[in-house]
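# Fold and geometry: a report
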Amino acid sequence: MPKQPLKIEARKSPIHGNGVFATRKIRKGERIVRYVGALRTHEDVDEAYGEVEENGHTFLFTLNDDYVIDANVRGNIARWINHSCDPNCEAVVEEDDKGRPEKDKVFIEALRDIARGEELTYNYGITLDERHTPKLKKLWGCRCGKPDCTGTMLQPKR
Ligand SMILES: C[S@@+](CC[C@H](N)C(=O)[O-])C[C@H]1O[C@@H](n2cnc3c(N)ncnc32)[C@H](O)[C@@H]1O
Ligand SMILES: [Zn+2]
């Protein structure tokens, strides 16, 4: 079967560092890419990156209560997708039908039609265990540039 042409590419982003851009039109609801990396427990990741995370840069995706996907290790292009307060994509966790947390998967899907050349973004949904102080909000500052940008990637706690 002929391979489908790649619909995304990673390159420098106006938001931060590298980002991921559509190389063709992507339709609302389309599953774009799976977020992959090493599967690690929360304890393992806290031990490995506890202090590094203090700079607000992360390649970690919280999969569920048991596991985190660490895209520093065996990560793919999905790890370059930036956060936005008004995103065009969402991260969808597909739970294993047999309830095995280590088999859950994350996919990045289009929330709306995305034009060729547009940067892909999703809301990281980051909440920290500690209080979201002004200092932490600044550390996790958002530069998505959207009119409704909250100025931080940290989300209100429910
Ligand atoms: C998964 S990486 C995304 C790739 C990143 N641009 C890079 O080049 O490493 C996530 C990190 O990128 C940065 N980032 C992503 N979205 C951002 C945004 N809207 N504003 C500021 N920094 C952002 C933050 O440092 C965040 O922890
Ligand atoms: Zn923003």
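One can find the structure itself at the top, above this paragraph.
Now for a quick tour of the structure. Just so you know, these numbers come straight off a predicted model, no measurement behind them.

Close to ligand 1 lie 19 residues, the nearest being His16, Asn18, Gly56, Asn82 and His83. Note that a nitrogen atom of ligand 1 is positioned 2.7 Å from one of the backbone N or O atoms of Asn18. Within the contact set of ligand 1, a nitrogen atom lies 2.8 Å away from a side-chain nitrogen or oxygen of Asn82. Burial of ligand 1 by the protein amounts to 94% of the accessible area it has alone, namely 560 Å². For the shell around ligand 1, a count of residues per class yields eight nonpolar, nine polar and two charged.

In the structure shown here, the tally under the stated rule is ten salt bridges. As a salt-bridge pair, Arg24 and Glu30 come within 3.4 Å of each other at their nearest N and O atoms. Among the residues examined, Arg24 registers a relative accessible area of 26% and is labelled partly exposed. The exposure class assigned to Glu30 is buried, which follows from its relative accessible area of 18%. Residues Glu94 and Arg31 are paired through a salt bridge, measuring 3.0 Å at the closest nitrogen-oxygen approach. You can see Glu94 sitting in strand 8 (residues 89-94) and its partner Arg31 sitting in strand 3 (residues 31-34), a full 63 residues away along the chain. On the basis of relative accessibility, which here comes to 33%, the residue Glu94 falls in the partly exposed class. Using a relative accessible area of 36% as the deciding quantity, one classes Arg31 as partly exposed. Among the ionic contacts, a cluster of salt bridges with common partners joins Lys7, Arg24 and Glu30.

Definitions and limits used
- Residues numbered from 1 in each chain as written.
- Chains lettered and ligands numbered in written order.
- Predicted model: local features only at pLDDT ≥ 70, side-chain atom pairs only at ≥ 80, totals over all residues.
- Heavy atoms only, no water.
- Near = heavy atom within 4 Å.
- Polar contact = N/O pair within 3.5 Å; in protein donor to acceptor, adjacent residues only side chain to side chain.
- Areas by Shrake-Rupley, 256 points an atom, 1.4 Å probe, with all protein chains shown as cover.
- Nonpolar A, V, L, I, M, F, W, Y, C, P; charged D, E, K, R; others polar.
- Salt bridge = Lys/Arg side-chain N within 4 Å of Asp/Glu carboxyl O.
- Buried < 20%, exposed > 50% of the residue type's maximum accessible area, 1.4 Å probe, protein only.
- Helix = DSSP H or I, 4+ residues; strand = E, 2+ residues; numbered from the N terminus.

By themselves, these are just geometric observations and shouldn't be taken as functional.
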